[in-house]
Amino acid sequence: MRDQGTKLDRIIELEALYARILSDASLTIEQVRTMCRTVERPIDCRNKWRKATPTMTTKANGVPYGEFVAKGWTDALLREHGYIE
């Protein structure tokens, strides 16, 4: 199932690149080639460097991790107070 998710990510990434190329008439052929080279890599590389978001516990009452971080919470504090595993 993980492979399906990364393939979908890849399709979305390629569609966005295609739309950007079509919408920007000022791009040179060299710029388009450079843009295309950035996506010519194995599918798994995209997620390889992405930092995983910690899993929130029920104590967080559905509040996303990003909201806690935006309010100054660190992972250590969230773990200490039981908001992340």
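As shown above, the structure is provided for reference.
Quick caveat: nothing in here was measured; it's all calculated off a predicted structure.

Criteria and cut-off values
Residues numbered from 1 in each chain as written. Predicted model: local features only at pLDDT ≥ 70, side-chain atom pairs only at ≥ 80, totals over all residues. Heavy atoms only, no water. Helix = DSSP H or I, 4+ residues; strand = E, 2+ residues; numbered from the N terminus. Buried < 20%, exposed > 50% of the residue type's maximum accessible area, 1.4 Å probe, protein only. Contact = heavy atoms within 4.5 Å. Areas by Shrake-Rupley, 256 points an atom, 1.4 Å probe, with all protein chains shown as cover. Patch = residues over 30% accessible without salt bridge, like charges linked within 9 Å, V, L, I, M, F, W, Y side chains within 5 Å. Salt bridge = Lys/Arg side-chain N within 4 Å of Asp/Glu carboxyl O. Phe/Tyr/Trp six-rings, centres within 6.5 Å; stacked < 30°, edge-to-face > 60°. Lys NZ or Arg CZ within 6 Å of the ring centre and 35° of its normal.

Trainee: Could you clarify how one ought to interpret the overall build of the protein chain in this entry?
Mentor: When its secondary structure is counted, the protein chain shows five helices and zero strands. In sequence order, the protein chain lays out its α and β elements as α-α-α-α-α. Within the protein chain, buried positions represent 16% of all 85 residues. Within the protein chain, contacts between residues separated by at least 24 positions form 49% of all contacts whose residues are at least 6 apart in sequence. For the protein chain, the computed accessible surface area is about 6,700 Å², with 58% contributed by carbon and sulfur atoms.

Trainee: Before we go on, may I ask you to explain a nonpolar patch on the surface in this structure?
Mentor: A contiguous nonpolar surface patch, about 280 Å² in accessible area, is contributed by Leu8, Ile11 and Ile12. With respect to the element layout, Ile12 can be found in helix H1 (residues 2–23). Owing to a relative accessible area of 47%, Ile12 belongs among the partly exposed residues under this scheme.

Trainee: Would you mind going over the packing of aromatic side chains with me for this structure?
Mentor: How two aromatic rings sit relative to each other is given by the distance of their centres and the angle of their planes. Across all of its chains, the model carries three aromatic pairs by this definition. Arranged with centres 5.4 Å apart and planes meeting at 85°, the rings of Trp73 and Tyr83 form a pair that is edge-to-face. Residue Trp73 is found in the loop between helix H4 (65–70) and helix H5 (75–80), and its partner Tyr83 is found in the segment after H5; the two are separated by 10 residues along the sequence. Using a relative accessible area of 26% as the deciding quantity, one classes Trp73 as partly exposed. Just above the ring of Tyr83 sits the side chain of Lys59; from NZ or CZ to the centre is 5.2 Å.

Shape is all these values report; function is a separate question.
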